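Residue strings, one per chain:
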Amino acid sequence: MKFFIDTANLDQIREAEDLGILDGVTTNPSLMAKEGISGESNILKHYVDICEIVDGDVSAEVISTNYADMIIEGEKMAELHENIVVKVPMIKDGVKAIKYFTDNGIRTNCTLVFSAGQALLAAKAGASYVSPFIGRLDDVSTDGMGLINQIREIYDNYMYDTEILAASVRHPMHIIECAEIGADVMTGPLSAILALLKHPLTDIGLEKFLADYQKVNA
Ligand code: E4P
């Protein structure tokens, strides 16, 4: 399973990259705003900065909601760097834009996906990635992981190339369950990735090994 980090924070992207396990980055307008990045040229420059840190796909989200403007915005983003994937919302004009980008060799990530029907449409339009939002479904008492399962089954039935990018990951169990189901990618915060490292028996075991070494090597 590929690991993407879901942030626009350059320090956190560097930290995940330094760990040697990072395959890509996803951003969205809220994450850019959180870092105080505003204005078209600053936003575009920030995407380039991210691409220079990580050697993997970087999702850049359009803010236009009509077809014509999405195309202009997405083409501008795609020209920034070969690793840019244009992130397009699951709305009617978005599906049309994904089809256009696919036909013109621009890779896409269909975002804000909350149902199997939406995921099916994204695959039919040729999206490179589909982003079902697990955490936000869980937030409204709906089984986010169940959706990942459903999409996996549908995509396998028809051998769609679209990769399932499990998004809105909140904690390590989300990551583990995605891996069990067979999501192609997960995107989550650095905290969820680092939480995979932790086990109290590892800490206790290491402490004992070091103490035993000291006993005879002091
Ligand atoms: C996906 O690409 C989104 O950026 C993200 O995963 C949304 O996560 P959130 O629900 O934690 O905001």
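Conventions used here
Residues numbered from 1 in each chain as written. Predicted model: local features only at pLDDT ≥ 70, side-chain atom pairs only at ≥ 80, totals over all residues. Heavy atoms only, no water. Helix = DSSP H or I, 4+ residues; strand = E, 2+ residues; numbered from the N terminus. Buried < 20%, exposed > 50% of the residue type's maximum accessible area, 1.4 Å probe, protein only. Near = heavy atom within 4 Å. Polar contact = N/O pair within 3.5 Å; in protein donor to acceptor, adjacent residues only side chain to side chain. Areas by Shrake-Rupley, 256 points an atom, 1.4 Å probe, with all protein chains shown as cover. Nonpolar A, V, L, I, M, F, W, Y, C, P; charged D, E, K, R; others polar. Axes fitted to C-alpha atoms, helices over the stretch in contact; angles between N-to-C directions. Parallel < 35°, antiparallel > 145°, perpendicular 65-115°, else oblique. Left-handed = near helix turned anticlockwise from the far one by under 90°. Contact = heavy atoms within 4.5 Å. Pairing = 2+ DSSP bridges. Arc of directions from axis to C-beta. Salt bridge = Lys/Arg side-chain N within 4 Å of Asp/Glu carboxyl O.

> Where do I start with unusual backbone geometry in this structure?
Trans peptide bonds make up the majority, and among non-glycine residues the majority have a negative phi. If you check the backbone angles, Leu112 has positive phi at about 60 degrees while not being a glycine. Residue position: Leu112 is located in strand β5 (residues 108-113). For Met159, which is not glycine, the phi dihedral falls at a positive 50 degrees. Mapped onto the elements, Met159 comes out in the loop between α8 (144-158) and β7 (163-166). Since its relative accessible area comes to 71%, Met159 is described here as exposed.

> I keep staring at the site of the ligand and nothing clicks. Help me out?
Residues in contact with the ligand, as listed here, are Asp6, Thr26, Asn28, Lys87, Phe133, Arg136, Ala167, Ser168 and Arg170. Arg136 has a polar side-chain atom sitting 2.7 Å from an oxygen atom of the ligand. Taking 340 Å² as the accessible area of the ligand by itself, protein coverage stands at 86%. Residues that form the shell around the ligand fall into these classes: two nonpolar, three polar and four charged.

> For this particular structure, what's the right way to read the packing of helix α4 (residues 67-80) against helix α5 (residues 92-103)?
When two helices pack together, their arrangement is given by the angle between the helix axes and the distance between those axes. Across the interface, α4 lies against α5 with an axial gap of 9 Å and an inter-helix angle of 45 degrees. By the angle class used here, α4 and α5 are oblique. The way α4 lies across α5 gives a crossing that is right-handed. Two secondary-structure elements touch here, α4 through Tyr67, Met70, Ile71, Gly74 and Glu75 and α5 through Asp93, Gly94, Lys96, Ala97, Tyr100 and Phe101. Of the residues contributing to the contact of α4 with α5, the split by class is six nonpolar, two polar and three charged.

> Just checking my understanding: could you explain the sheet that holds strand β3 (residues 57-61) for this structure?
The strands making up a sheet associate through backbone hydrogen bonding, with each pair oriented either parallel or antiparallel. With respect to topology, eight strands assemble into a closed barrel ordered β1-β2-β3-β4-β5-β6-β7-β8, the strand pairing being parallel. Direction aside, the axes of adjacent strands within the sheet are offset by 30 degrees on average. Of the strand pairs in this sheet, strand β4 (residues 84-89) and β5 are connected by four bridges, and their pairing is parallel. Note on β5: the bridge partner recorded for Val86 is Thr108. Its contacts with the sheet place α5 against β4 and β5, and it is angled at close to 155 degrees to β4. Sitting on the sheet, helix α6 (residues 116-125) is in contact with β5 and β6 (129-132), with an inclination near 165 degrees to β5.

> For this particular structure, what's the right way to read helix α1 (residues 10-19)?
Owing to its 3.6 residues per turn, the α-helix aligns residues three or four sequence positions apart on the same side. Leu10, Ile13 and Ala16 are the residues of α1 that are buried. Angularly, the buried residues of α1 cover 125 degrees about the axis, an arc narrow enough to put them on a single face. Opposite the buried face of α1, at more than 90 degrees from it, the exposed residues are Asp11 and Asp18. For α1, the secondary structure elements touched by its buried residues are β1 (2-6), β2 (24-26), α3 (40-53) and α10 (190-195). Capping of α1 at its N-terminal end is provided by Asn9; its side-chain oxygen lies 3.0 Å from the backbone amide nitrogen of Asp11. Backbone geometry just after α1 places Gly20 at a positive phi near 85 degrees.

> Looking at this structure, I do not really get the pattern of salt bridges. What am I missing?
Opposite charge on two side chains makes pairing possible when the charged atoms of those side chains draw close. Tallied over the full model, the rule gives twelve salt bridges. With its nearest N and O atoms 3.2 Å apart, the salt bridge here joins Arg152 to Asp184. Here Asp184 lies in the loop between α9 (172-181) and β8 (185-188) and Arg152 lies in helix α8, a separation of 32 residues in the sequence. Residue classification places Arg152 among the buried positions, given a relative accessible area of 13%. Taken together, the salt bridges that share partners define one network made up of Arg152, Asp156 and Asp184.

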